[in-house]
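Examination of the molecular architecture
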Amino acid sequence: RQMASPSNDFALEAVRLAKDNGWLKDGSIHRAKLVRANLSGAILVGADLSGAALTEAKLVRAILFDANLRAANLSRADLSRAHLGGAILVGADLNWAALSRADLLRADLSGADLSRANLRGADLSEAKLVGANLRGADLGGADLSRADLGGANLREADLSGANLFDANLRAANLYGANLRGANL
C-alpha cells in the first residue's frame, strides 16, 4: 500500500523494502494498484508489474530495465527520462503517457496502446512495436532505428526529425503522419 503513495519518500521506501524481501520479482506486486503513485527515481529492475494499474503514476527517471509491464495500465503516466530498456510492455495501455527522452532500447511494445503519447526524443532503437497503436503520438526526434513497426498504426503521428534507419514499416499505417526531416 505504501508503494502507491503520492509521497515520493514513502513510495521509494516501500520499493526498497520490496526489493530487500524479493517481492519485486516474485509476483507480489503483479496487478498492484498504484494509481497516481509517485515512484520517480525508483529502482525497479526486473520487477513484475504485469497487469498493474499505474494510471497517472509518476515514474520520472525510474529504472525499469527488463521489467515486466505486460498489460499494465500506464495511461497518462509520466515516464519522462525513465529507463525501460528490455522491458516487456506487450499490450500495455500507454495512451497519453509522457515518455519524452525515455530509454526504450530493445523494449517489447507489441500491441501496446501509445495513442497520443509523448515520445519526443525517446530511444526506441531495436524496439518491437508490432501492431502497436501510435495514432497521434509525438515521436519528434525519436530514435526508431532498427525498430520493428510492422502493422503499427502511426496515423497522424509526428515523426518529424525521427531516425527510422533500417526500421521495419511493413504494413504500418502512416496516413497523415508528419515525416518532415525524418531519416528513412
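These lines cover the structure that appears in this document, whether it is placed above or below. (Residues numbered from 1 in each chain as written. Predicted model: local features only at pLDDT ≥ 70, side-chain atom pairs only at ≥ 80, totals over all residues. Heavy atoms only, no water.)

**Describing the overall build of the protein**
The helix and strand inventory of the protein stands at one helix and zero strands. Taking the principal axes of the C-alpha coordinates as reference, the protein spans close to 45 × 25 × 20 Å. Counting over 184 residues, the protein shows a buried share of 47%. Here the contacts in the protein between residues at least 6 apart in sequence split such that 7% fall between residues at least 24 apart. For the protein, the accessible area works out to roughly 8400 Å², and carbon and sulfur atoms hold 48% of it. (Helix = DSSP H or I, 4+ residues; strand = E, 2+ residues; numbered from the N terminus. Buried < 20%, exposed > 50% of the residue type's maximum accessible area, 1.4 Å probe, protein only. Contact = heavy atoms within 4.5 Å. Areas by Shrake-Rupley, 256 points an atom, 1.4 Å probe, with all protein chains shown as cover.)

**Quick word on the environment of leucine 84**
When you line up the elements, leucine 84 lands in the segment after α1 (8–20). Of the residues examined, leucine 84 reaches a relative accessible area of 2% and is grouped as buried. Counting along the chain gives 96 residues from leucine 84 to arginine 180, while the straight-line C-alpha distance between them is 27 Å. Those residues in contact with leucine 84, other than ones at most four positions away along the chain, are Leu64, Leu69, Leu79, Leu99, Asp103, Leu104 and Ala107.

**Focus on a nonpolar patch on the surface**
Residues Ile43, Val45 and Phe65 make up a contiguous nonpolar surface patch of roughly 230 Å² in combined accessible area. Residue placement: valine 45 occurs in the segment after α1. Under the relative-accessibility criterion, valine 45 is labelled partly exposed at 35%. (Patch = residues over 30% accessible without salt bridge, like charges linked within 9 Å, V, L, I, M, F, W, Y side chains within 5 Å. Salt bridge = Lys/Arg side-chain N within 4 Å of Asp/Glu carboxyl O.)

**Some words on the nonpolar core**
The tendency in soluble globular proteins is for nonpolar side chains to be buried side by side. Ranked by internal contacts, the top residues of the largest apolar core, which has 65 residues, are Leu114, Leu119, Leu129, Leu134 and Leu139. Sequence-distant contacts of leucine 139, that is, excluding residues within four places in its chain, are made with Leu119, Leu124, Leu134, Leu144, Leu154, Ala157, Asp158, Leu159 and Ala162. (Core = buried A, V, L, I, M, F, W, Y, C linked by side-chain atoms within 4.5 Å.)

**Topic: the environment of alanine 11**
Mapped onto the elements, alanine 11 comes out in helix α1. Ignoring any residue separated from it by four or fewer positions in sequence, one finds alanine 11 in contact with Gln2, Met3, Ser5, Asn38 and Leu39.

**Here we look at unusual backbone geometry**
A positive phi angle, near 60°, is found at alanine 71, a position not held by glycine. A positive phi is found at glutamate 126, a non-glycine position, where the angle reads about 60°. Among the secondary structure elements, glutamate 126 is positioned in the segment after α1.

**Considerations on the side chain of serine 160**
Within the fold, serine 160 resides in the segment after α1. Within the structure, serine 160 has its side chain in polar contact with the side chain of aspartate 158 (distance 2.7 Å). The contact partners of serine 160, leaving out residues within four places of it in the chain, are Arg120, Gly140, Gly141, Asn178 and Arg180. (Polar contact = N/O pair within 3.5 Å; in protein donor to acceptor, adjacent residues only side chain to side chain.)

**A word on α1**
When the terminal C-alpha atoms of α1 are compared, their 18 Å separation across 13 residues agrees well with the 18 Å that a helix rising 1.5 Å per residue should span. Within the span of α1, buried status applies to Ala11, Ala14, Val15 and Ala18. Taken around the axis of α1, the buried residues stretch over an arc of 100°, which confines them to a single face. When the buried face of α1 is taken as reference, the exposed residues oriented beyond 90 degrees from it are Asp9 and Asp20. Directly beyond the C-terminal end of α1, a positive phi value near 75° is found at glycine 22. (Expected span 1.5 Å × (residues − 1). Arc of directions from axis to C-beta.)

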